[in-house]
Every structure is written in C-alpha cells, then in structure tokens.
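# Summary of the model geometry
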Amino acid sequence: TAGGTREALDPVRYLGNRSSGKQGIALATAAAKRGADVTLVGANLEAEAPSSVRVLHVGSTLELASAVQDVAPGVDAVIMAAAVADYRPEFVADSKIKKEVAGDRVRNPDILARLAETRRPGQLIVGFAAETEPDRDALLALGRAKIARKGSDLLVLNRVGWREGFGTDDNSIVLLDRLGDIVMEASGSKQTVADRILDAVVARLA
Ligand code: CTP
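Parameters at a glance
- Residues numbered from 1 in each chain as written.
- Predicted model: local features only at pLDDT ≥ 70, side-chain atom pairs only at ≥ 80, totals over all residues.
- Heavy atoms only, no water.
- Near = heavy atom within 4 Å.
- Polar contact = N/O pair within 3.5 Å; in protein donor to acceptor, adjacent residues only side chain to side chain.
- Areas by Shrake-Rupley, 256 points an atom, 1.4 Å probe, with all protein chains shown as cover.
- 1 Å grid on protein atoms, 1.4 Å probe; cavity = no way out; pocket = protein on both sides within 12 Å on 5 of 7 lines; lining within 4 Å.
- Sits in = over half its atoms within 2 Å of the grid points.
- Helix = DSSP H or I, 4+ residues; strand = E, 2+ residues; numbered from the N terminus.
- Nonpolar A, V, L, I, M, F, W, Y, C, P; charged D, E, K, R; others polar.
- Pairing = 2+ DSSP bridges.
- Axes fitted to C-alpha atoms, helices over the stretch in contact; angles between N-to-C directions.
- Core = buried A, V, L, I, M, F, W, Y, C linked by side-chain atoms within 4.5 Å.
- Buried < 20%, exposed > 50% of the residue type's maximum accessible area, 1.4 Å probe, protein only.
- Contact = heavy atoms within 4.5 Å.

## Structural notes on the site of the ligand
Every one of the 15 residues lining the ligand counts as a neighbour, but M80, A82, L112, K146 and K150 are closest to it. P109 is positioned with one of its backbone polar atoms (N or O) 2.9 Å from a nitrogen atom of the ligand. Burial of the ligand by the protein amounts to 79% of the accessible area it has alone, namely 570 Å². Structurally, the ligand is housed in the largest pocket. The element that contributes the greatest number of residues to the shell around the ligand is strand β9 (residues 124-131), accounting for four residues. Considered class by class, the residues forming the shell around the ligand number nine nonpolar, one polar and five charged.

So this is what it looks like as structure tokens:
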C-alpha cells in the first residue's frame, strides 16, 4: 500500500495526512523490477506508478481495508507503506458542515494488525511507522513498541516532519525485526531505500 487515506467530513472537506505515496510507489516499482507480481493499493497518490505495477486506487481507510483484504490472501508479502487515518467521522454530512456543528469520530480498523493476526504460514508482513520524535533512542523505543503492538515481521521506522519524510524524494529509515533488533539502516533516494528494504524482505521469504 502507498499514500495516505482521507476521511470525508462533508462534500468538500476531509481529514487526511501529507503522505505522497512516493516511498510505497518506489517499493512497488523495485519489486516489479525484480520480477515480482505487484499489486499496489494506492490511497490518494501524488505520484504515478509505472505500468509494471497494477494499481488499485482507494480514498478512505475502509476502502483501503477492503482492497487489502481482497488482495492479501494471495500474496507472499504485504508491505503497508500507506499512512492510514486512525479515525473517521461517525457520520458524513450531505451538505457543508457549519462551524458550530462538531461530530463524533469512530475508530478505523487496524489493517496491519489484522493482516499480522490472520497471515498464513510463510507470509511476510511489513509495517511502517512514521514518527516525529527527534531523539534517536526515543524514536527506536517508539518503533519497538509499535512492532510489538502490530505483530508484523518487520517495521520500517522513519522520522517525518514539516520538511522530512512525507512528500520528499529522500528518506532515512531503520528496519526493525519482531524482537526490536535493528536489521539495517538506509538513507538516500526513496528508490535506494526501497531496494534495501526489499533485500531484507527477500532474505526472509527465502
Ligand atoms: N496502519 C493500519 N491501519 C490503521 C493505522 C495504521 O494498517 N488503522 C498501518 C500503517 O499502514 C503502518 C502502520 O500501521 O504500516 C503504522 O502506522 P502508524 O500511523 O505509524 O501507527 P498507528 O497505528 O497510527 O499508531 P500511533 O497513532 O500510536 O502512532
């Protein structure tokens, strides 16, 4: 998956995030180059995927969840690079909401945690964690807590901020395994980072 989900509030507004989809597209592209049969579930992508990748376009978290649920059972590895909204409005207004009206929100399903719970033997599940924590040790602690909570096999931890991570062409990541150990660190273009992540994925699939 790639991009960022958007939750409609009314016909003209949504709750969303600044993920462009570039890192997820780079992963899909690199996997296709290696001969993988790739389906990219893209949420509001700001960049284009090459024709070697089959793209399913989605908007909201529930749409992403449904597309992933259809595709995941048939694949060897799932890489959840999309930034997913944790909440959605309980009701979507049919007309533009006026400022005095505030609605309730409900939790979205945790797609990654569910994938990890229901994975078939041998299937590899990779999560992402975008965090704004500036301190390296505190960032690693957040990543370790997240992979333990989500149950994925690997977690790509990256720092995001006003000027880093989302929307940029470069990235800097730490890959953690289920024990919270550092598998590798990579930085450079999102293509370079994608290839390093895929090296680790392929080693585990083999
Ligand atoms: N994710 C998901 N479903 C959600 C939320 C997140 O599948 N409802 C996935 C993302 O695609 C990513 C990983 O979980 O691979 C971590 O996402 P992140 O937003 O960093 O974590 P959260 O679960 O939102 O945790 P927190 O808000 O505590 O940081």
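## Digging into the sheet that holds strand β11 (residues 170-177)
As summarised here, the arrangement of the five strands in space is β6-β9-β10-β11-β12, forming an open sheet in which the pairing is mixed. With partners counted over all chains shown, the strands left at the sheet margins are β6 (77-80) and β12 (182-189), one partner each. Strand after strand, the sheet turns through a mean of 20° between neighbouring axes, direction not considered. Sheet analysis places β11 next to β12, joined by seven bridges and oriented antiparallel. Within β12, the residue paired with N171 across the bridge is G188.

## Some remarks on the nonpolar core
Counting 30 residues, the largest nonpolar core has L27, L40, I173 and I197 as the members making the most contacts within it. Secondary-structure elements contributing two or more residues to this core are α1 (22-33), β9, β10 (154-159), β11, β12 and α5 (190-205). With seven residues, α1 is the largest single contributor of residues to this core. Excluding anything up to four places from it in sequence, L27 contacts I79, A81, F128, A194, I197 and L198. By size, the runner-up hydrophobic cluster in this structure holds 15 residues, among which are L64, V68, A82 and L112.

## Here's the deal with the side chain of S19
With respect to the secondary-structure elements, S19 resides in the loop between β3 (13-15) and α1. A distance of 3.1 Å separates a polar side-chain atom of S19 from the backbone oxygen of G3. Residues within four places of S19 in sequence aside, it is in contact with G3, G4, E46, A83 and F166.

## Some details on the side chain of E131
Tracing the backbone through its elements, the reader meets E131 in strand β9. Residue classification places E131 among the buried positions, given a relative accessible area of 12%.

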